[in-house]
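# Chain and residue survey
The primary structure of each chain is shown beneath.
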Amino acid sequence: MRAPEQRTTPGAGSRPPAAGPPPPAAARTRRTRPRAVRTTSPRTAPLVPLAARLRPLALSAAGLLAGLGLWQLAGQRDPVLFATPGRSASALVDMVQDGSLPSALLSSGKLLVIGLALAIVVGVGFGLLLSRARLLRASTDWLLFALQSVPIVALAPLILSAFGFGLSAKTLVVFLTAVFPVVVNTAEGAHRVPTTLLEVARTFRSSEWRIWKDVLLPHTVPYAMTGVRQGIAMAFVGTLAAEFFLNASGVGGLLLAAGTRFDTATVLGLTVLVSVLAVALMGLGRAVERHFARWRTVKA
């Protein structure tokens, strides 16, 4: 028989077993806390410093003051040809007091709004249609550029003989001057929609209405708004041209009457007023574009 093994506990005088070599660094595992990933919401743009936001305003104000200074110097040097800003402002105040300027602005504004609204509706709709109908685009693309190059002043006698001196003839002039930039830019934007988006929409069996609503329109908004801003400037030109050549009324009638009297103060004052209104409307169009196309303004 074998003797039973005796288990001995290490006493005070016994040595503990020698420890082995430490494991290599690659074998050691270390628990690390995952790093937090900063994400930016797709609808919120990063904050812009106050100085960066005020710099464009400061540059615009400096340019405006420089322009007013040059205008003042030119008016003092040749008061017959150039009226000073003070004289132009006083001429506008006189027209406001006698009521001629508010009534003229109301008449011209009505004409501008009607013609521009028709140009936006027809231009955006026809531009989207051109992007989906390739045969229509191929057959009318050259015609759009040909009509856009025709000066509307040359068509004034034809419009006058067909529609007379009323509001419809003036609205047609404003419409023809403003619609072509809207059509061209909208068609170009819809034509540049990525093919991948259209293929994905067809893969999920989207209807034609859903393709227009969810793919074409969101991608076309920035291009269409660029055309609308150009159309606003052209609509002001068309409004003044209609009031010059068809019927002397509104702001165009005031400009025409002041030009025949060689009243440079009134002419310059009305010109600056029309320019300010056009810039304000184009700024409104840019704000609408930023609202409906926020994905273009977000920077990573």
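Everything in this summary refers to the structure shown in the same document. (Residues numbered from 1 in each chain as written. Predicted model: local features only at pLDDT ≥ 70, side-chain atom pairs only at ≥ 80, totals over all residues. Heavy atoms only, no water.)

Here we come to the overall build of the chain. Scanning the chain from N- to C-terminus turns up 10 helices and 0 strands. For the chain, the succession of helices and strands along the chain, N to C, is α-α-α-α-α-α-α-α-α-α. Within the chain, the proportion of its 300 residues that are buried is 29%. Pairs at least 24 residues apart make up 74% of the contacts formed inside the chain by residues separated by at least 6 positions. For the chain, the exposed area adds up to about 20600 Å²; of that, 66% sits on carbon and sulfur atoms. (Helix = DSSP H or I, 4+ residues; strand = E, 2+ residues; numbered from the N terminus. Buried < 20%, exposed > 50% of the residue type's maximum accessible area, 1.4 Å probe, protein only. Contact = heavy atoms within 4.5 Å. Areas by Shrake-Rupley, 256 points an atom, 1.4 Å probe, with all protein chains shown as cover.)

Residue position: S249 is located in the loop between α8 (208–245) and α9 (250–260). Polar contacts involving the side chain of S249 include one to the side chain of K170, which spans 2.6 Å. Once residues lying within four places of it in the same chain are set aside, the contact partners of S249 are S107, K170 and E243. (Polar contact = N/O pair within 3.5 Å; in protein donor to acceptor, adjacent residues only side chain to side chain.)

For the largest pocket, the calculated volume is near 250 Å³. Every residue lining the largest pocket is listed: L130, S131, R132, R134, R137, A190, H191, V193, T195, L198, R202 and L216. Among the elements of the structure, α3 (100–132), α4 (134–148), α6 (167–191) and α7 (195–203) are those that each provide at least two residues to the lining of the largest pocket. Among the residues making up the lining of the largest pocket, the classes are represented as 5 nonpolar, 3 polar and 4 charged. (1 Å grid on protein atoms, 1.4 Å probe; cavity = no way out; pocket = protein on both sides within 12 Å on 5 of 7 lines; lining within 4 Å. Points joined across faces, edges and corners; volume = space filled by probe spheres on them. Nonpolar A, V, L, I, M, F, W, Y, C, P; charged D, E, K, R; others polar.)

Across the interface, α3 lies against α8 with an axial gap of 7 Å and an inter-helix angle of 145°. Crossing handedness for the pair α3 and α8: right-handed. Here the residues of the contact of α3 with α8 are counted per class, giving 16 nonpolar, 4 polar and 3 charged. (Axes fitted to C-alpha atoms, helices over the stretch in contact; angles between N-to-C directions. Left-handed = near helix turned anticlockwise from the far one by under 90°.)

Soluble globular proteins tend to pack their nonpolar side chains together in the buried interior. Ranked by internal contacts, the top residues of the largest apolar core, which has 35 residues, are V173, V179, A235, F236, V251 and L270. Elements supplying a minimum of two residues to this core: α2 (85–98), α3, α6, α8, α9 and α10 (264–292). It is α6 that contributes the most residues to this core, 10 residues altogether. Core analysis: the next-biggest nonpolar cluster, separate from the first, contains 8 residues, L128, A190, V215 and L216 among them. (Core = buried A, V, L, I, M, F, W, Y, C linked by side-chain atoms within 4.5 Å.)

This part is about a nonpolar patch on the surface. A cluster of nonpolar side chains, contributed by V153, F244, F245 and L256, occupies part of the molecular surface with about 340 Å² of accessible area. Here V153 is to be found in the loop between α4 and α5 (156–163). (Patch = residues over 30% accessible without salt bridge, like charges linked within 9 Å, V, L, I, M, F, W, Y side chains within 5 Å. Salt bridge = Lys/Arg side-chain N within 4 Å of Asp/Glu carboxyl O.)

Remember that the coordinates give geometry; whether it matters functionally is a separate question.
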